[in-house]
Amino acid sequence: MSSRRSPLIAPSILAADLGRLGEEIEAVVNAGADWIHVDVMDGWFVPNLSMGPLMVETVKRYVSTPVGVHLMILDPIRFVEKFRDTGADLLIVHPQATNNLHRTLQRIRELGARSGVALNPEISPEVLDYCMPLLDLVLVMTVNPGFSGQSFLASMLPKIRD
């Protein structure tokens, strides 16, 4: 018996028409989305800025579907409680954005959220060796973080298989 699970569909609202956010979220949920993905960028860890905790609170008004928050921010432990308080069900962090990945994942779990780690294309999966018991999800980035609309990096397929 395989230990593999079916892929989950988690559309990001990064490219959504924010003027029609409720309709767009409803459309993807009706199309079978398993959860809604919110990309948060701080302008430091990645060069762009995007949504904050209030956007998570807004998204939660429209769905009972889980909301995953991808924190592309420096020192994410400073913000995990705020994002959890506004409705994040899953918090995803980058190992190179924190000086203590294990502590950050523990804090996410203490707050009652599921925890995840995002691996940029250049980051080896070995960074997860001592954190696996604290992880609910590993997000293998198939683009470099910080910009929407990038081309898929097929070179990441072996990492996904691993």
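Every chain is numbered on its own, with residues counted from 1 as its sequence reads. It should be noted that, the model being predicted, local features are given only for residues of pLDDT at least 70 and side-chain atom pairs only at 80 or more, the latter also being counted only at that level, while totals for whole chains, interfaces and linings use all residues. With hydrogens and water set aside, each side-chain value is computed from the structure's full complement of heavy atoms.

What follows covers the packing of helix 1 (residues 21–30) against helix 2 (residues 53–62). Only the stretch in contact is used when a helix axis is fitted, and all axes are lines through C-alpha atoms; the angle between N-to-C directions ranges over 0 to 180 degrees. Per the convention used, a helix needs a DSSP run of H or I reaching at least four residues, while a strand needs a run of E reaching at least two, with both numbered from the N terminus. Close contact between helix 1 and helix 2 brings their axes to 9 Å; oriented N to C, the two are set at 60°. Compared by their axis directions, helix 1 and helix 2 come out oblique. Crossing of helix 1 against helix 2: the hand is right-handed. Only M55, T58, V59 and Y62 of helix 2 make contact with helix 1, whose side of the interface consists of L21, G22 and I25. Across the contact of helix 1 with helix 2, the residue classes break down as five nonpolar, two polar and no charged. When an angle is under 35 degrees it counts as roughly parallel; over 145 it counts as roughly antiparallel; between 65 and 115 it counts as roughly perpendicular; any other value is oblique. Crossing handedness: left-handed means the near helix sits turned counterclockwise from the far one by under a right angle, and right-handed means the same turn made clockwise. Residue contacts are counted whenever heavy atoms from the two residues lie within 4.5 Å of one another. Residues are grouped as follows: nonpolar covers Ala, Val, Leu, Ile, Met, Phe, Trp, Tyr, Cys and Pro; charged covers Asp, Glu, Lys and Arg; every other residue, Gly included, is treated as polar.

Each patch is assembled from residues with relative accessible area greater than 30% and no salt bridge, linking like charges that lie within 9 Å and nonpolar side chains (Val, Leu, Ile, Met, Phe, Trp, Tyr) that lie within 5 Å. For the accessible areas, the method is Shrake-Rupley and the probe is 1.4 Å, while residue cover comes only from the protein chains on display. Put simply, a salt bridge is a Lys or Arg side-chain nitrogen that is within 4 Å of an Asp or Glu carboxyl oxygen. Taken together, the side chains of F152, L157 and I160 define a hydrophobic patch exposed on the protein surface, amounting to about 270 Å² of accessible area. Looking at where L157 falls in the secondary structure, it is placed in helix 5 (residues 157–161). Exposure remark for L157: the relative accessible area of 36% places this residue in the partly exposed category. Think of it in three bands: residues with accessible area under 20% of the maximum for their type are buried, residues over 50% are exposed, and the middle band is partly exposed, with areas taken using a 1.4 Å probe on protein chains only.

Further remarks concern helix 2. For helix 2, the set of buried residues is P53, M55, V56, T58 and V59. Against the buried residues of helix 2 lie helix 1, strand 1 (36–41), strand 2 (67–72) and helix 3 (80–85).

Let us look at the layout of surface pockets. Of the pockets and cavities examined, the largest pocket occupies roughly 1700 Å³. Computed over the protein atoms alone on a 1 Å grid, cavities are sets of points where a 1.4 Å probe fits but cannot get out and pockets are open sets with protein on both sides within 12 Å along at least five of seven lines; a residue lines them when it has an atom within 4 Å of a point. Forming the boundary of the largest pocket are 46 residues, of which L137, V138, L139, V140 and I160 lie nearest the centre. Put simply, the parts of the chain that give the lining of the largest pocket at least two residues each are strand 1, strand 2, strand 3 (90–93), strand 4 (114–119), strand 5 (137–140) and helix 5. The leading source of residues in the lining of the largest pocket is strand 5, at four residues. In the lining of the largest pocket, the residues fall into 26 nonpolar, 11 polar and nine charged. Grid points are joined across faces, edges and corners, and a volume is the space filled by probe spheres set on the points.

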